[in-house]
Amino acid sequence: MTVKFRTRKAVKPGDLNCQYTLFGGRLLSWIDEECGIYSACQMQTKTLITKYMSEINFKSPAYLGDVIEIGVETVGVGRTSLTVACTVRDKATEREIVKIDRVTFVAVNEEGRPVRHALSHLARKPKVDDVPAEPEPNWWARLKNQNWLKKQSAD
Ligand SMILES: CC(C)(COP(=O)(O)OP(=O)(O)OC[C@H]1O[C@@H](n2cnc3c(N)ncnc32)[C@H](O)[C@@H]1OP(=O)(O)O)[C@@H](O)C(=O)NCCC(=O)NCCS
């Protein structure tokens, strides 16, 4: 699936760090908001919580006056959660600024407990392949396979 870049942000003086580049915390806040809005639309809920973010690797800086764009795409659907990937790039050059492979949101009720959402029916159930084909042999079976035990039984 091709990622859609729906949101643009202009880097303003108040968004800068001490090096006069875009402050990482500001960018993370934009990412969290954008991914949250996207997920809320997909899950059709107004009550959701950021549960997890995978590695955040800032690849290149953005400068005052740059326009950046934020792209989000669905990478996983669970019973109460939705996982998205997020890419941020410079609008003019398409240079990647940061990419986060997995951001997970959980739909919650008034008590803050996880609840099903509009896409829950698409949740992937564990496949047979996910389970090890054979259980770990128990200690007695392992012993029986060892030569010294076979010898002892023969005596
Ligand atoms: C979100 C929260 C309600 C989930 O509670 P929980 O007891 O972990 O609930 P569950 O174990 O039932 O998991 C709920 C969902 O989260 C998913 N989940 C749990 N831990 C996860 C992790 N480390 N990474 C990704 N998904 C995770 C589960 O797979 C489940 O999704 P599914 O139903 O689609 O399979 C709770 O962890 C919480 O309130 N966290 C604080 C969130 C917050 O404050 N966010 C703002 C941060 S600034």
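As shown above, the structure is provided for reference.
Residues numbered from 1 in each chain as written. Predicted model: local features only at pLDDT ≥ 70, side-chain atom pairs only at ≥ 80, totals over all residues.

K.L.:
What exactly am I supposed to notice about unusual backbone geometry here?
P.N.:
With the exception of glycine, most residues fall at negative phi, and the peptide bonds are largely trans. Notably, Gln 44 is not glycine yet its phi reads approximately 50 degrees, a positive angle. Within the fold, Gln 44 resides in the loop between α1 (24-43) and β2 (48-53). Even without a glycine there, the phi angle at Glu 94 is positive, about 65 degrees. Residue position: Glu 94 is located in the loop between β5 (81-90) and β6 (96-107). (Helix = DSSP H or I, 4+ residues; strand = E, 2+ residues; numbered from the N terminus.)

K.L.:
Please explain the pairing of β5 as it appears in this structure.
P.N.:
Remember that side chains alternate between the two faces of the sheet whenever the strand is regular. Relative to β5, strand β4 (residues 67-77) runs antiparallel, the two sharing 9 bridges. Bridging across to β5, Ile 70 finds its partner in Val 88. Count of turn residues in the β4/β5 antiparallel hairpin: 3 residues. Here β5 pairs with β6 via 8 bridges, running antiparallel. (Pairing = 2+ DSSP bridges.)

K.L.:
For this particular structure, what's the right way to read α1?
P.N.:
It helps to recall that an α-helix has 3.6 residues per turn; residues three or four apart then point in one direction. The first and last C-alpha atoms of α1 sit 28 Å apart over 20 residues, in line with the 28 Å expected at 1.5 Å per residue. Of the residues making up α1, those classed as buried are Leu 27, Ile 31, Glu 34, Cys 35, Tyr 38, Ser 39 and Met 43. On an axial view of α1, the arc spanned by its buried residues comes to 155 degrees, and they lie on one face. In this structure, α1 carries Gly 25, Ser 29 and Cys 41 as exposed residues pointing more than 90 degrees from its buried face. The inward-facing, buried residues of α1 contact β1 (4-10), β2, β4, β5 and β6. Once α1 ends, the next one or two residues include Gln 44, with phi positive near 50 degrees. (Expected span 1.5 Å × (residues − 1). Buried ≥ 20, exposed ≤ 12 C-beta atoms within 10 Å, placed from the backbone. Arc of directions from axis to C-beta. Contact = placed C-beta atoms within 7 Å.)

K.L.:
How do you make sense of the site of the ligand when you look at a structure like this?
P.N.:
Around the ligand there are 13 residues in total, and Tyr 52, Gly 78, Arg 79, Thr 80 and Ser 81 lie nearest to it. Elements supplying a minimum of two residues to the shell around the ligand: β2 and β6. In terms of residue count, the dominant contributor to the shell around the ligand is β2 (4 residues). (Near = placed C-beta within 6 Å.)

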